[in-house]
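Summary of structural features
Chain by chain, the residues run as shown.
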Amino acid sequence: MRIRVSKTAKHNGKATAFVVKVRGIKFPRGVGDWYFPSDCKPETALKMALNDYENFLVDSNGK
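Conventions and cut-offs
Residues numbered from 1 in each chain as written. Predicted model: local features only at pLDDT ≥ 70, side-chain atom pairs only at ≥ 80, totals over all residues. Heavy atoms only, no water. Helix = DSSP H or I, 4+ residues; strand = E, 2+ residues; numbered from the N terminus. Buried < 20%, exposed > 50% of the residue type's maximum accessible area, 1.4 Å probe, protein only. Contact = heavy atoms within 4.5 Å. Pairing = 2+ DSSP bridges. Axes fitted to C-alpha atoms, helices over the stretch in contact; angles between N-to-C directions. Phe/Tyr/Trp six-rings, centres within 6.5 Å; stacked < 30°, edge-to-face > 60°. Lys NZ or Arg CZ within 6 Å of the ring centre and 35° of its normal.

Observations regarding the overall build of the protein chain
For the protein chain, the helix and strand inventory stands at 1 helix and 3 strands. Overall, the protein chain is about 45 × 20 × 20 Å in size when its C-alpha atoms are taken along their principal axes. Expressed as a percentage of its 63 residues, the buried residues of the protein chain come to 19%. Pairs at least 24 residues apart make up 31% of the contacts formed inside the protein chain by residues separated by at least 6 positions.

Put into structure tokens, the structure is as follows:
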């Protein structure tokens with residue numbers, strides 16, 4: 001399964017927000033949404049995206 005940071009927003013040269021793709025699906029799912037991890041690390045954004053991906057799979061299978 002491919003998980004990667006597809007966009008990074010920087011403020012004064014420091015990465016602050018991330019958009020992640022999991023298996024080609026953008027997370028967070030909303031238009032213009034970003035992950036803002038409190039520690040500003042991309043690894044935390046990846047964990048947040050994996051959690052959202054698991055919830056996405058549960059919701060899509062339950063319908």
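That was the structure; now back to the text.
With respect to unusual backbone geometry
Residues other than glycine predominantly adopt negative phi, and peptide bonds predominantly adopt the trans conformation. In this structure, proline 28 follows phenylalanine 27 across a cis peptide bond, with omega equal to 0°. In this structure, proline 28 sits in the loop between strand E3 (25–27) and helix H1 (42–62). With a phi angle near 55°, asparagine 12 is a residue other than glycine that sits in the positive phi range. Along the chain, asparagine 12 falls in the loop between strand E1 (3–11) and strand E2 (14–22). Positive phi is not limited to glycine here, since arginine 23 has a value of about 50°.

What about the sheet that holds E2?
Strands sit in the order E1-E2-E3 across an open sheet of 3 strands; the sheet is antiparallel. The strands lining the two open edges of the sheet, one partner per strand, are E1 and E3. Sheet twist, expressed as the mean angle between neighbouring strand axes with direction ignored, is 30°. Direction of pairing for E1 relative to E2: antiparallel, over a ladder of 8 bridges. Paired with valine 5 across the bridge in E2 is valine 20.

What to know about the packing of aromatic side chains
The tally for this structure, following the rule as stated, stands at 2 aromatic pairs. A ring pair is formed by phenylalanine 27 and tyrosine 53, whose centres lie 6.0 Å apart and whose planes are at 90°; its orientation type is edge-to-face. Remark: tyrosine 53 occurs in helix H1 and phenylalanine 27 occurs in strand E3; sequence separation between them is 26 residues. Among the residues examined, phenylalanine 27 registers a relative accessible area of 2% and is labelled buried. Relative to phenylalanine 56, the ring of phenylalanine 27 has its centre 5.9 Å away and its plane inclined at 80°; by these criteria the two rings are edge-to-face. One end of the pair, phenylalanine 27, is in strand E3; the other, phenylalanine 56, is in helix H1, with 29 residues separating them in the sequence. Its relative accessible area of 26% is what places phenylalanine 56 among the partly exposed residues. Among the aromatic residues, ring-to-ring pairing joins Phe27, Tyr53 and Phe56 into one connected group. Taking NZ or CZ as reference, arginine 29 lies 5.9 Å from the ring centre of phenylalanine 27, over its face.

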